[in-house]
Amino acid sequence: MTTYGVAIITPDLKTLAQNAEAADRAGFDAVWASEFYSRSGTISMAAMAAATRHCRVGSSIIYGIGRSPLVLATEARDLDEMSDGRLVLGIGNGTKRMMSDWHGVTDTSAPALRIEELVPLVRRIWNLHEGPIRHEGRFYRMNLVPTEAVTPPKRNIPIITAGVRPRMCEAAGRVADGLAGHPLFTTTYVEEVVKPAIAKGAAHAGRDPKDVEIVSMVMCSIHDDPEVARRELAQQIAFYASVKTYDTVLDVNGFTKQGHAIREAFSRRDLPAMFDAVTDDMIDTMGVAGTAAQVRDGLRRYEGVLDHIMVYPPSIGISPQRVQQNLESLIAECAPRGSTGA
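As the structure is a computational prediction, the values presented were derived from the model and not from experiment.

Peer 1: Go over the nonpolar core with me, naming the residues and quoting the values.
Peer 2: Ranked by size, the top nonpolar core spans 116 residues in total, and within it Met48, Ile91 and Leu299 carry the most contacts. The element that contributes the greatest number of residues to this core is helix H5 (residues 111-126), accounting for eight residues. Leave out the neighbours within four places in its chain, and Met48 touches Ile8, Leu16, Ala20, Val31, Trp32, Ala33, Val57 and Gly58.

Peer 1: So what's going on with the packing of helix H1 (residues 13-26) against helix H2 (residues 41-51)? Which residues, and what values?
Peer 2: Here H1 crosses H2 at 45°, and the two axes come no closer than 8 Å. Classified by the angle between their axes, H1 and H2 sit oblique to one another. The two elements H1 and H2 cross, and the hand of that crossing is right-handed. Only Ile43, Ser44, Ala47, Met48 and Ala51 of H2 make contact with H1, whose side of the interface consists of Leu13, Leu16, Ala17, Ala20 and Glu21. Of the residues contributing to the contact of H1 with H2, the split by class is eight nonpolar, one polar and one charged.

Peer 1: I'd love a proper account of the pairing of strand E3 (residues 56-59), names of residues and values included.
Peer 2: As defined by bridge partners, strand E2 (residues 30-33) adjoins E3 across four bridges and the pair is classed as parallel. The residue of E3 that forms the bridge with Ala30 is Arg56. Considered for its hand, the β-α-β crossover made up of E2, H2 and E3 is right-handed. Alignment of E3 against strand E5 (residues 87-92), held across two bridges, turns out to be parallel. Its bridge partner lying in E5, Gly58 is registered against Val88.

Thresholds, definitions, all that
Residues numbered from 1 in each chain as written. Predicted model: local features only at pLDDT ≥ 70, side-chain atom pairs only at ≥ 80, totals over all residues. Heavy atoms only, no water. Core = buried A, V, L, I, M, F, W, Y, C linked by side-chain atoms within 4.5 Å. Buried < 20%, exposed > 50% of the residue type's maximum accessible area, 1.4 Å probe, protein only. Helix = DSSP H or I, 4+ residues; strand = E, 2+ residues; numbered from the N terminus. Contact = heavy atoms within 4.5 Å. Axes fitted to C-alpha atoms, helices over the stretch in contact; angles between N-to-C directions. Parallel < 35°, antiparallel > 145°, perpendicular 65-115°, else oblique. Left-handed = near helix turned anticlockwise from the far one by under 90°. Nonpolar A, V, L, I, M, F, W, Y, C, P; charged D, E, K, R; others polar. Pairing = 2+ DSSP bridges. Right-handed = clockwise from strand over helix to strand, strands pointing away.

Set out below in structure tokens:
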């Protein structure tokens with residue numbers, strides 16, 4: 001059965017925690033934090049863990065590239081303890097430009113191989129009670145000898161890895177407990193590209209692809225005026241479609257021409273033209289927008305395709321007050337049926 005979660009987008013930690021608490025009370029399966037150059041995902045998860053009681057607390061995603069494996073593993077272990085075993089660790093590399101320009105990484109090659117080396121190493125650190133770690137890999141080196149007895153972990157913390165293109169989705173099938181999909185994902189892309197890639201990776205590792213949870217953001221905007229909601233969704237779509245890395249998603253869905261127009265407008269920093277280049281069929285395919293009833297109905301097309309739907313409020317070109325209003329509407333209107341709250 002498909003579960004629902006909420007991507008919490010707020011300008012401050014206090015509001016983030018309040019929204020997470022509201023989503024938990026409403027009966028959502030998970031609340032999700034993200035990370036950017038202006039917000040720490042791990043600190044956000046700590047705030048959400050303290051404010052919630054029942055739901056999973058996850059990252060979609062934090063940058064594995066910006067932390068050593070040891071720091072990543074210890075932060076996650078503490079967060080899992082803080083949340084009483086509710087953590088889902090979502091990690092990714094980001095784009096190659098993020099890797100080089102934001103994090104100063106000089107070798108941005110083979111991102112799938114990097115994540116396939118990182119995930120088992122993080123798990124090995126969690127199980128340091130098994131003995132010292134001496135790792136000499138392509139991307140990571142570690143010589144960790146504990147100075148005293150190490151307590152075994154209370155549970156296996158699930159790790160989901162970010163992926164858009166087939167090889168990164170395959171990496172999730174090889175080493176992760178789930179895939180953190182991109183907001184541009186459509187049902188067509190998941191069925192035709194993502195699931196076969198996960199299955200290929202799982203087969204390589206001798207795993208059952210059904211054991212890999214497919215988690216993805218779905219861009220959602222609720223407004224009494226459906227045209228306002230659609231425009232907000234178009235702005236978010238344009239923001240992501242301006243990144244050439246995501247061409248694969250646009251091409252599979254027949255939006256190659258629109259992608260070119262969006263990137264051309266972006267090169268001129270012409271935001272209105274970028275937004276206008278998003279066509280109605282893109283809006284109808286790449287997210288859900290309209291009245292509360294229209295959004296609830298539209299989300300149903302993802303059920304059975306995604307294992308976990310993460311409702312995600314657009315924020316590009318939208319005031320923080322309106323983002324918060326939409327987030328509150330999504331929590332109130334898209335809560336799982338039959339929930340009585342905490």
